[in-house]
Amino acid sequence: MSLKKKALAVVGALALASTALLSVNTASAATTFTTPVAPIKGAVKGGTVTILAQGDFEHLDPARNYVGGTLDFYRLFTRSLTQYRTVNGKTDLVPDVAADLGTTKDAGKTWVFKLRTNLKYEDGSKITCADMKYGVMRSYNDDILDGGPTYAKDFIDNPTNYKGPYTEPGKDLPTVICSPKGDSITFKLSVAIPYFPYVTTFGAFSPIPKAKDTKQNYELHPISSGPYKIKSYERGKQLVLVRNNQWDAKTDPLRWNYPDSYVVKMGADQNVIEQSLISDSGAAKTSVSFDTNIITNLSKVLNVAKYKSRLFNFDSAYNRYYAINVDTVKDINVRKAIQCAVDFKSILLAAGGTSAGSYANSTIPKSIKAAYRNFNVCGRDVSKHPEAQLDQAKAFLAKATNPKTTLRLAYRDRGVEPLRAAALEQSLKAAGFTVIMDKYPSSDFYAPAAKRGVPNEPDIIQTSWAFDWAAASGIVYALFDGRSMTADDAKSNQSRGNFPDLQALFAKADVSSTAAQEKLLGDIEQSLIVDKAAHVSVYFETSHYMAGSKVGGLQVDGGYSTLSVLGAYVKK
Amino acid sequence: MLKYTLRRIVSGTLVLGIVSAIVFSIFYILPADPARLACGKSCTPELVQRIQVALELDQPLAVQYGRFIKGIFVGRTYLANTDAARTCSAPCLGYSYQTDLPVRQLLMDRLPATLSIAVGASILWLLIGLSSGIISALRRGTWIDRTSQGFALAAASLQIYFVGLILQFIFVDKLAWLPMPGYSSPFEYPLDWAKQMVLPWVTLAFLLSAIYSRLTRSGMIETMGEDFVRTARAKGLSSRDVNIKHVLRAAMTPIVTVFGLDLGSLLGGAVITEYVFNIPGLGKLATEAVSNLDLPVVTGTVLFAAFFIITANIVVDLLYSVLDPKVRLT
Amino acid sequence: MSAFLEVKNLSVVFPTEDGRVQAVDSLSFSVEKGKTLGIVGESGSGKSVTSLSILGLQKGTRAEVTGEIWVDGTEIVSANEDEVRKLRGKSMAMIFQDALAALHPYYTVGHQIAEAYLVHNKVSKKQALARAVEMLDRVGIPEPHKRINDYPHQFSGGMRQRAMIAMALSCNPSLLIADEPTTALDVTVQAQILELLRDLQKEFGTAIILITHDLGVVAETADDILLMYAGKQIEYGTVRDVLQIPQHPYAWGLLTSIPRLTGDPNLPLTAIQGTPPSLISVPSGCAFNPRCNYVDQVGTLCASSVPDLLPIAQGQSHYVRCHMNPALRESIFTTQVRPHL
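Residues numbered from 1 in each chain as written. Chains lettered and ligands numbered in written order. Predicted model: local features only at pLDDT ≥ 70, side-chain atom pairs only at ≥ 80, totals over all residues.

(A) Representation of the pairing of strand 16 (residues 535-546) of chain A in the model. All names here are of chain A. Judged by how many residues are buried, strand 16 sits mostly within the fold: 12 of 12 residues are covered. Sheet analysis places strand 11 (residues 311-324) next to strand 16, joined by 10 bridges and oriented antiparallel. When the bridges of strand 16 are listed, Leu-311 appears paired with Met-546. Sheet topology places strand 12 (residues 357-359) next to strand 16; three bridges connect them, and they run antiparallel. When the bridges of strand 16 are listed, Tyr-359 appears paired with Tyr-539. (Buried ≥ 20, exposed ≤ 12 C-beta atoms within 10 Å, placed from the backbone. Helix = DSSP H or I, 4+ residues; strand = E, 2+ residues; numbered from the N terminus. Pairing = 2+ DSSP bridges.)

Below you can see the structure in the form of structure tokens.
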């Protein structure tokens, strides 16, 4: 259920020249997003929404929060520079503490965000630019504030090798600059990041009052800037949110505030929460869970009329795919043979069947409309013909000039991953390959599988990706950009692709406007899959979340691909 | 009687001590590193080291056990004389490796669900078991007797997970007469509580009432042949009075004993029932703790269960002396 | 006037897996108020079955009871359970052999006596307990107001039997059936209990059926004797008649097996040869014939036909069931039996 994963590898290679001033959302004027979000039809104020959780939040400290459901939830009391707003299934990036979506005059190397100047914390004190800057600065102390994404540290230029306010108390971070009036904040990046306004949705770009910073204990009571504040928090047991009267709805473009309180009850196990929600008894009527996918009891509720209005089925951000190592599988026909031999059907079946996921030709989800392409894989629409194309696979293998029929398949020993690997092994064997199954321990997989030029280097890597922000830039740069590799480490580019024609497209994308960039990134992915046969996306995991019958206003959040509780209300 | 009770309490406490020592030793020799388990996902060797110190796992087993026992009686302070000192008041059962919550609190949180199952089910199985056993005994050899005893034999040989899942399939999934079993607070949502408890109650009662029915029937029939029953009839008592005041009264004593022990072990956690129906009670807590190798919670649940069983034993023995005047406790 | 208890042609049959067992066969006798009938026989002769039939305690069991039992004008065999239940304890009561087993182990003695009184009397529990104290006092239990709170196991054997008597007499029954009331007791206590029964009978005019295998007890206590063998009455008459001029070889056997102070110490005691018959396979003809020393006297008749119960002489109330004619019996008694008495 976690969106959490490795942070992007160092993106130094992205540094490139700029052309024009970019506006992330080309279609809409920024003013549209600074006005309050429209009320949810039928929603009423009052009551308590209960959130059932298996365990405690890993971290509620904004700088350390990196888990899908929590990233949605913590917005109830944490505002960040920018944020996603989802209304009626449409998701936009909106300015949150910022007053606009940022401007750059150097193609993304320097970003200036105007700030709202009328925001307050729960104690009534003003949210200042200095607090925004301090929030960024403390994220540099990720030795103490561990667990979060490291984008701020990775992207912002750090000429003085700043190590964070706990390590170096008196020192400044000169590349984050507040205007004299405090009504704008400037970020000087080490390289041009055209998609930087997406990055500023993360918690490192949240205001933290320095005087209230309690370091690793800050997460026990983050000072609220949102519509709710923490009333009590017993770790592992219960979190209670109540209204924050200092928050002003007029200043907020994305948050609703219907219930009088939210209570997070922690510590029940998967099955208990599933059954509790299905039963719709007692407090479960006004409950929802965003860390518990309905798994065990799915067959009982899926497609059953009485549960329909309470069951939310949607693609998560998680794409399961196979990277084909172009370093070791050099012949394009062998790669195409592998691609054709992938039996989407048996692999998804191993993971739980069509209720567990939906077939995908692409690792860019359909919801990222600007980049998604509806291309065929091995000449067929995979959603209609998910079976392996063995004849074609054999034909490609016969055509190979540099045949390689023994393949080493790397996979992780966790959950259903061995089952999926076994399913692939079967269809590869049927296509005429010999397969060496290479199981890695769950805790140590990504780094060893990415080692280049080592003995037993895998030919196929069974892995997955969930985008960190809802754009192709959050996927294609991480997974397919050859510039991120070193001679012995493929980083997250597990297919080791570094094709000159595609790298030229990356270079072009680097300096393009967001819309054009997204389109180019879509081109790159299509080419990598269709022309280079270096990647096989298999499916997006489907999430099945459930809510009690008395909870309204829930929706799938496009920013975090999770069930959002921002608009939740208790039905009368 | 008082002396006897005190002596039983002392010996019961000793048994608890032995139980805890055994559980403690078993986990100590298991090839599982509690510090590594408590460390979580982003773990470093330094963190493991810190946790070992924090959990006092660097101490010898005897010292750990001694502190654990001390914690139960007078409380204990972890990492005393440091910034991270944390006091756990008596009776202290330690902190969960998994959630870092006090084990005592976890047990208390789970007790109401188990209590709901145990009390509700026991009332049901006593009602069904005793009445069917009595009817069977009084109508011995008739079709009612044969039907109910045949049913009891079949029921007693079935398993909770089988009956439970079948009933759930029928009444929850197919007919939708009942909600998914679970636990809601009986004080806030009495109706939902009852509805969700119906299946666990019925399932447990189904199996146990079969046993009680057979016990009652054989006890009654045996007692009916006793001379004192003939005496009661010779006095001119109505057959109702004879059966209830004389036959049942005498047949009840062994049933009370069995019932006390059954209830005691149920209170320690209706493990299978809670597991089958996913009810967050003590039994479920125990199975979760075992699968997570959460030693303090395992120890806590085992001790808690042992406590209930030992208490039930003492209560049953005391009750026995009340029920049977021939028994004198010394 | 008819007797308080009149039994006519009483038969009790138990259907068992091994066949029908005739526990009691055509029994007839009567007991008047203030009188005592001793029923004597070995184990399995039908004594206890008879007494249970009189109390109607075989109703609702598999036993098939036929004949007539008249108790104070009510016919027990044909009456329904409720009618008989009202008589039980009130008009007729019973004292059982093993008082420890016959008293409920979990109730106090006082409670059990009071319970018997409460069934038939509309009184408060307190009054019933007062009655229990009174009865315990009457049967000679010291400090009865304390002992009512004792449980049966806290009483000695004799006291338990007294308590049983107190319970049986609590409603002043007109008929008391005492089933081996003294068997389990030592001799001095035995005598006290019999004495007590006699006193109570005098006081209340109770009719008593004393069931025993001990002719000595009967001799001391009873007015009439009914001798039973294998479910049948084989001799019936006054104590005087039956003990002075016993008619049946079985009676002779019983009498000669009793040691006497007046007897010749050099003569050996004669026991009755053989063992009592099993009711499942009763010997044909006279059930006693395999054990009888005088079978030869009447040829093969004993083994082939059952003798009728007849008065020893016209107009006599002394009955016997034997194929030997009165003269022959008298000569055998005089020559072979009397010297041993």
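(B) Quick peek at the nonpolar core. Val-288 of chain A, Leu-204 of chain B together with Ile-113, Ala-132, Met-164, Ile-177 and Leu-227 of chain C are the most contacted members of the largest nonpolar core, which has 214 residues in total. Looking at this core element by element, the count peaks at 13 residues for helix 8 (residues 190-224) of chain B. When neighbours within four sequence positions are excluded, Leu-227 of chain C is seen to be in contact with Val-40, Gly-41, Gln-233, Ile-234, Glu-235, Tyr-236, His-248, Tyr-250 and Ala-251 of chain C. Grouped together as the second largest cluster of nonpolar side chains are 122 residues, Leu-189, Ala-192, Ala-341 and Ala-393 of chain A included. (Core = buried A, V, L, I, M, F, W, Y, C linked by C-beta atoms within 7 Å. Contact = placed C-beta atoms within 7 Å.)

(C) Here's a closer look at the confidence of the model for chain B. Summarising the model, chain B shows a mean pLDDT of 86, and 97% of its residues fall at 70 or more. By mean pLDDT, the top-scoring element of chain B is helix 5 (residues 103-138) of chain B (93), and the lowest-scoring one is helix 2 (residues 34-39) of chain B (70). (pLDDT = per-residue confidence, 0-100.)

(D) The packing of helix 7 (residues 160-174) of chain B against helix 8 of chain B, seen in detail. All names here are of chain B. Packing of helix 7 against helix 8 leaves a shortest axis separation of 10 Å and a crossing angle of 140 degrees. The angle between helix 7 and helix 8 falls in the class oblique. As for how helix 7 packs across helix 8, the hand of that crossing is right-handed. Between helix 7 and helix 8, the residues in contact are Ile-160, Val-163, Gly-164, Leu-167, Gln-168 and Phe-171 and Leu-199, Val-202, Thr-203, Leu-204, Phe-206 and Leu-207, respectively. (Axes fitted to C-alpha atoms, helices over the stretch in contact; angles between N-to-C directions. Parallel < 35°, antiparallel > 145°, perpendicular 65-115°, else oblique. Left-handed = near helix turned anticlockwise from the far one by under 90°.)

(E) Layout of helix 12 (residues 417-430) of chain A. All names here are of chain A. Taking 1.5 Å as the rise per residue, helix 12 with 14 residues should run 20 Å; its terminal C-alpha atoms sit 20 Å apart, in good agreement. Looking only at helix 12, the buried set comprises Glu-417, Arg-420, Ala-421, Ala-423, Leu-424, Ser-427 and Leu-428. The arc that holds every buried residue of helix 12, seen down its axis, measures 155 degrees, which confines them to one face. Packed against the buried residues of helix 12 are helix 9 (332-341), helix 10 (344-351), strand 13 (406-412), strand 14 (434-440) and strand 15 (460-466). (Expected span 1.5 Å × (residues − 1). Arc of directions from axis to C-beta.)

(F) Structural detail: the interface of chain B and chain A. On the side of chain A, 21 residues touch chain B, which itself brings 20 residues to the contact. Looking at which element gives the most residues to the side of chain B that touches chain A, the answer is helix 8 of chain B, with four residues. Residues of the side of chain B that touches chain A, tallied by class, amount to seven nonpolar, seven polar and six charged. (Nonpolar A, V, L, I, M, F, W, Y, C, P; charged D, E, K, R; others polar.)

(G) Representation of the interface of chain B and chain C in the model. Chain B puts 17 residues into the contact, and the matching count from chain C is 23 residues. Elements represented by at least two residues in the side of chain B that touches chain C include exactly helix 9 (227-234) and helix 10 (239-267) of chain B. For the side of chain B that touches chain C, the element with the most residues is helix 9 of chain B, which contributes six residues.

(H) Here's a closer look at the sheet that holds strand 7 (residues 228-234) of chain A. Residues and elements named next belong to chain A. Read from one edge of the open sheet, five strands run 7-8-9-1-10, paired in mixed fashion. Both edges of this open sheet fall to strand 7 and strand 10 (287-288), since each of them pairs with a single strand only. Note that strand 8 (residues 238-243) and strand 9 (residues 261-266) share five bridges and pair antiparallel. Following the sheet pairing, Leu-239 is matched in strand 9 by Val-264.

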